[in-house]
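# Fold and contact review
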Amino acid sequence: MVKIQNFPQGTRVRVRRGDYPLESEMVGREGLVVTLQRRTGRQYLVQLNGEDQFRRFDESELVALAPGAPLQEAGAHHGGGGSDHQS
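Residues numbered from 1 in each chain as written. Predicted model: local features only at pLDDT ≥ 70, side-chain atom pairs only at ≥ 80, totals over all residues. Heavy atoms only, no water.

## Here we look at the overall build of the chain
A tally of regular secondary structure across the chain gives zero helices and five strands. Helices and strands appear in the chain in the N-to-C order β-β-β-β-β. By the burial criterion, 25% of the 87 residues in the chain qualify as buried. Within the structure as shown, the chain displays about 6,400 Å² of accessible surface, and the carbon and sulfur contribution to it stands at 49%. (Helix = DSSP H or I, 4+ residues; strand = E, 2+ residues; numbered from the N terminus. Buried < 20%, exposed > 50% of the residue type's maximum accessible area, 1.4 Å probe, protein only. Areas by Shrake-Rupley, 256 points an atom, 1.4 Å probe, with all protein chains shown as cover.)

Laid out in structure tokens, this is it:
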């Protein structure tokens, strides 16, 4: 079974209370997803803003700050085959 990452590498995230006990000073902190831990399939290494080290968080403890752009904003073509530029 292939695990689909909820938070791909480079996703900006905020820490929240999740399924496991968490230090209260971690809640609300923001950072960048470094990688999904393949062995667990639910834990991510995150570099929090202002820190050099990586911290491990369960996916239930993370929320994405900037989810992927809708297709129309990502350059998807609209319409029935017409061109956007003039000949």
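Don't stop here, the text continues.
## Examining the pairing of strand E4 (residues 55-58)
Bridging between strand E3 (residues 43-48) and E4 involves four bridges; their strand directions are antiparallel. Bridge pairing in E4 links Val46 to Arg55. Here E3 hands over to E4 after six residues, with Gly50 in that stretch at a positive phi of 80°. (Pairing = 2+ DSSP bridges.)

## As for the nonpolar core
Phe7, Val13, Val15, Leu22, Met26, Val33, Leu36, Tyr44, Val46, Leu48, Phe57 and Leu62 together form the largest nonpolar core, which totals twelve residues. Among the elements of the structure, strand E1 (12-15), strand E2 (30-36) and E3 are those that each provide at least two residues to this core. When residues in this core are grouped by element, the largest group, three residues, is from E3. For Val46, the contacting residues outside a window of four places in its chain are Val13, Gly31, Leu32, Val33, Val34, Gln53, Phe54, Arg55, Phe57 and Leu62. (Core = buried A, V, L, I, M, F, W, Y, C linked by side-chain atoms within 4.5 Å. Contact = heavy atoms within 4.5 Å.)

## Concerning the environment of Gln5
Checked against the element boundaries, Gln5 lands in the segment before E1. Residue Gln5 is classed as partly exposed on the basis of its relative accessible area, which comes to 26%. Residues within four places of Gln5 in sequence aside, it is in contact with Leu36, Arg38 and Tyr44.

## A word on the packing of aromatic side chains
As enumerated under the stated definition, the model contains one aromatic pair in all. An angle of 80° between the planes, with centres 5.4 Å apart, marks the rings of Phe7 and Tyr44 as edge-to-face. Of this pair, Phe7 sits in the segment before E1 while Tyr44 sits in strand E3; the two residues are 37 residues apart in sequence, bridging distant segments of the chain. (Phe/Tyr/Trp six-rings, centres within 6.5 Å; stacked < 30°, edge-to-face > 60°.)

## Considering the sheet that holds E2
Pairing between the strands of a sheet comes from backbone hydrogen bonds, and it takes one of two forms, parallel or antiparallel. One open sheet holds the five strands; their spatial order is E4-E3-E2-E1-E5, and the pairing between them is antiparallel. Each having just a single partner strand, E4 and strand E5 (62-64) make up the two edges of the open sheet. Strand-to-strand twist of the sheet, defined as the mean angle between neighbouring strand axes without regard to direction, takes the value 50°. Bridge count between E2 and E3: five bridges; the pairing is antiparallel. If you follow Leu32 over to E3, its bridge partner there is Gln47. (Axes fitted to C-alpha atoms, helices over the stretch in contact; angles between N-to-C directions.)

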